[in-house]
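# Structural overview for review
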Amino acid sequence: MLTETLIKLFTRDLNTLKTEIESYKTEKTLWLVPEGISNSAGNLCLHLVGNLNHFIGSALGNSGYVRQRDLEFSLKDVPKAELIQQVEDTMNVVLSVLQHLTESDLEKEYTHRVFKEPMTTEYFLMHLSTHLVYHLGQINYHRRLLDV
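This write-up is about the structure you can find in this document. Since we're looking at a predicted model, the values are computed, not measured. Throughout this description, residue numbers start from 1 for each chain and increase along the sequence as written. Totals for whole chains, interfaces and linings use all residues, but because this is a predicted model, local features are given only for residues with pLDDT of at least 70 and pairs of side-chain atoms are given and counted only at 80 or more. Only heavy atoms go into the side-chain values, all of them from the structure, while hydrogens and water stay out.

What follows is about the overall build of the protein. Scanning the protein from N- to C-terminus turns up 7 helices and 0 strands. Helix and strand definitions follow DSSP, with helices as H or I runs of at least four residues and strands as E runs of at least two, each counted in order from the N terminus. Helices and strands appear in the protein in the N-to-C order α-α-α-α-α-α-α. This radius of gyration counts C-alpha atoms alone. The globule rule is 2.2 Å times how many residues there are, raised to the power 0.38. Scaling as 2.2 N^0.38, a compact globule of 148 residues should have a C-alpha radius of gyration of about 15 Å, and the protein matches this with 16 Å. Taking the principal axes of the C-alpha coordinates as reference, the protein spans close to 50 × 30 × 25 Å. Throughout this description, buried means an accessible area under 20% of the type-specific maximum (1.4 Å probe, protein chains only), exposed means over 50%, and partly exposed covers the range between. Classification of the 148 residues of the protein by burial places 45% in the buried group.

As structure tokens, this is what we get:
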């Protein structure tokens, strides 16, 4: 079933996110935004946590999470340990929700209209997985360029 695959992918990629954040030698570097780069690794991490807690935790799992998307990009200097804890907490929420989804749930229209056209929950979960990997690549590149 697709949920088993999604559980494996989200587990792998959220663990990789945690490892990337842990791998920064200095916390200051997490928040650097030199010319030509739009977002710091810290803000991308906050964005991924907010995105998954909103679209999976709240929308599918009724977690009660209230997203503050502007803060995902405006907060600065959140301690590395706090970012890591947020990633771990997010992973727990995501995996808990995914474990309870049925094949029928995946085939239903996703609860929020995110794009112009309606989509299935299955489709949107795949989108969220690729969104995570896209920003994970940006964080990896940010770290290798700036945390020298």
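As a further point, take the side chain of His-47. Turning to its location among the elements, His-47 is positioned in helix 3 (residues 41-58). A residue is classified by how much of its surface remains accessible, and His-47, at 4% relative accessible area, is buried. Excluding its chain neighbours within four sequence positions, the residues that come into contact with His-47 are Arg-67, Arg-69, Glu-72, Phe-73, His-131 and His-135. What makes two residues a contact is simply this: any of their non-hydrogen atoms within 4.5 Å.

With that out of the way, let us pick up the packing of helix 3 against helix 7 (residues 121-146). Convention adopted: a line fitted to C-alpha atoms gives each axis, helices being fitted over their contacting stretch, and angles between N-to-C directions are expressed from 0 to 180 degrees. It is at 9 Å that the axes of helix 3 and helix 7 come closest, and there the two elements cross at 170°. Taken together, helix 3 and helix 7 sit at an angle that is classed as roughly antiparallel. In this structure, helix 3 contributes Ala-41, Leu-44, Cys-45, His-47, Leu-48, Asn-51, Leu-52, Phe-55 and Ile-56 to the contact, and helix 7 contributes Phe-124, Leu-125, Leu-128, His-131, Leu-132, His-135, Gln-138, Ile-139 and His-142. Residues are grouped as follows: Ala, Val, Leu, Ile, Met, Phe, Trp, Tyr, Cys and Pro are nonpolar; Asp, Glu, Lys and Arg are charged; all remaining types, including Gly, are polar. Looking at the contact of helix 3 with helix 7 residue by residue, the classes come out as 12 nonpolar, 6 polar and no charged. Our angle categories are set so that under 35 degrees counts as roughly parallel, over 145 as roughly antiparallel, 65 to 115 as roughly perpendicular, and the remainder as oblique.

Attention now goes to a nonpolar patch on the surface. Patch membership requires more than 30% relative accessible area and the absence of a salt bridge. Residues of like charge join within 9 Å; the nonpolar side chains Val, Leu, Ile, Met, Phe, Trp and Tyr join within 5 Å. Using a 1.4 Å probe, accessible areas were evaluated by the Shrake-Rupley method; residue-level cover was limited to the displayed protein chains. Each reported salt bridge corresponds to a side-chain nitrogen of Lys or Arg within 4 Å of a carboxyl oxygen of Asp or Glu. Among the surface-exposed residues, Val-114, Phe-115 and Tyr-123 lie close enough to one another that they form a single nonpolar patch of about 280 Å² accessible area. When you line up the elements, Tyr-123 lands in helix 7. Given the relative accessible area of 52%, Tyr-123 is considered exposed.

What is shown is where atoms sit, not what they do.
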